[in-house]
Amino acid sequence: MLQRVLAIMVKEVRQLSRDRLTFGMIVGIPLLQILLFGYAINYDVRDIRAAVVDEARTSHSRALVAALAASGVVEFVAPSAGVADLRRRLARGEISVGVVIPADFERRRLGTERAAVQILVDGAEPMIDSVARGLAQVPLPVRAGDYVRSRAPVFELLTEYNPERRTAVQVVPALIGVILNMTMVIFTAVAIVRERERGNLELLITTPIRSWELMAGKLVPYVLIGLVQTTLILAVGAWVFDVPINGSLLDLYLAALLFIAATLTLGLVISTLVRTQMQAFQLSFMTLLPSILLSGFVFPFDGMPAVAQWIAQVLPLTHFVAMIRGIVLRGASLADVAGPAAKLGVFLSVGLAIATLRFRKTLD
């Protein structure tokens, strides 16, 4: 009996060794997970992109900006010309925190009735609000003989786009991308492989259809499915979780359409790389975990190390999360999120070209 069991064990090991993709995933998945969880999961978020409007332009206001930067919580980029420009940059996702120092800062600094500084926080992103509240612990710069404030708070924090700081408002819009990324990639990853395993590819070989026509024909039905899923998630989010839709529905669906096409293209590329449906599922799930952890869906993008941010740039979900939160929560237009949209367009073009070039109407 033991010999028979041993024979089956040897046979299974040899079969795994011949399946190089599965054999590689035995080592690759644990390494990928430990690296992703180690780098991407970071509750100590630092260097959040911020901008300042300094209407006071005094030595004390400049000292305050330097103290905020020295805290390490924020990293100041180019200053804004005014509060309107600051809010515009928040809506476009260029910054996550805005600091407004009013013209009467010196009087407020020494007074006791009004907050001296206003901090605008992007409530559309997770954890940003709680991290930005650490800025309220930074003391105002004082000099010998200055009057010490006793009652009024130094900072006034305003959470933009999510004043109630509800988690559902942050999660539901980005969840559209996560669900579409999971379903669309898996659907198309098995598309070509299923044709080959069922023998349908032989029929396609005898037809005059071109490779790009086959790729396009595989994409269109799933695009419609993706739009149905988008509508379902938006409806449930609005009715059940009271998630506001502040932007244009047309811009929203155009962004979703672009992302659906990009993820379907990723699935087609995977479909041309594997030989079996099991391998297609394996590769699909390998792309899902990095997308969730590195896209900014759960953890702030600014809190990740530079290497993780570089990897995230090649993941379509990263750019869609920025687009969907901007349109749904911040009321941004499609022109305001043109940067992420352009990156998705590049991903779509490159992926479709790779899938078309790799597909051959042959059985070998």
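Residues numbered from 1 in each chain as written. Predicted model: local features only at pLDDT ≥ 70, side-chain atom pairs only at ≥ 80, totals over all residues. Heavy atoms only, no water.

When pLDDT is averaged along the protein, the result is 81; 79% of the residues meet or exceed 70. In the model of the protein, helix α9 (residues 200-205) stands out as the element of lowest mean pLDDT, 60, in contrast to helix α14 (residues 316-328), which has the highest, 93. (pLDDT = per-residue confidence, 0-100. Helix = DSSP H or I, 4+ residues; strand = E, 2+ residues; numbered from the N terminus.)

Roughly 590 Å³ of internal volume is contained in the largest pocket. Taken together, 24 residues make up the lining of the largest pocket; nearest its centre are Arg49, Arg92, Gly93, Ala322 and Pro340. Looking at the lining of the largest pocket, the elements that each hand over two or more residues are α14 and α15 (338-358). For the lining of the largest pocket, the element with the most residues is α14, which contributes five residues. (1 Å grid on protein atoms, 1.4 Å probe; cavity = no way out; pocket = protein on both sides within 12 Å on 5 of 7 lines; lining within 4 Å. Points joined across faces, edges and corners; volume = space filled by probe spheres on them.)

The next subject is the sheet that holds strand β1 (residues 48-54). Read from one edge of the open sheet, five strands run β2-β1-β3-β4-β5, paired in mixed fashion. The strands lining the two open edges of the sheet, one partner per strand, are β2 (74-76) and β5 (155-160). The average angle at which neighbouring strand axes cross in this sheet is 30°, direction not considered. Note that strand β4 (residues 117-122) and β5 share six bridges and pair parallel. From the neighbouring strand, Leu120 faces β5, where its bridge partner is Leu158. The strands touched by helix α4 (residues 83-91) are β1, β3 (97-101), β4 and β5; relative to β3, the strand with the most contacts, the crossing angle is about 170°. (Pairing = 2+ DSSP bridges. Axes fitted to C-alpha atoms, helices over the stretch in contact; angles between N-to-C directions. Contact = heavy atoms within 4.5 Å.)

What follows covers unusual backbone geometry. In this structure, Arg57 is a non-glycine residue whose phi angle is positive, near 55°. One can find Arg57 in the loop between β1 and α3 (59-70). Its identity as a non-glycine residue notwithstanding, Met127 has a phi of 75°, on the positive side. Looking at the secondary structure, you find Met127 in the loop between β4 and α6 (128-132).

How two helices sit against one another is set out by the angle between their axes and by the gap between those axes. Axis separation between helix α11 (residues 249-273) and α14 bottoms out at 10 Å; the angle between their running directions is 170°. By the angle between their directions, the pair α11 and α14 is classed as roughly antiparallel. Packed against α11, whose contacting residues are Asp251, Leu252, Ala255, Ala256, Phe259, Ala262 and Thr263, the element α14 presents Pro316, Leu317, Phe320, Met323, Ile324, Ile327 and Val328 at the interface. When its residues are assigned to classes, the contact of α11 with α14 shows twelve nonpolar, one polar and one charged. (Parallel < 35°, antiparallel > 145°, perpendicular 65-115°, else oblique. Nonpolar A, V, L, I, M, F, W, Y, C, P; charged D, E, K, R; others polar.)

The subject of this paragraph is the nonpolar core. For soluble globular proteins, the rule of thumb is that nonpolar side chains tend to be buried together. Ranked by size, the top nonpolar core spans 37 residues in total, and within it Ile176, Leu264 and Phe320 carry the most contacts. For this core, the secondary structure elements donating two or more residues are α7 (167-189), α10 (211-240), α11, α14 and α15. It is α11 that provides the largest number of residues to this core, a total of nine residues. Contacts of Phe320, omitting those with residues within four sequence positions, involve Ile176, Gly177, Ala255, Ala256, Phe259 and Leu344. Grouped together as the second largest cluster of nonpolar side chains are 26 residues, Ile48, Leu64, Leu68 and Phe155 included. (Core = buried A, V, L, I, M, F, W, Y, C linked by side-chain atoms within 4.5 Å. Buried < 20%, exposed > 50% of the residue type's maximum accessible area, 1.4 Å probe, protein only.)

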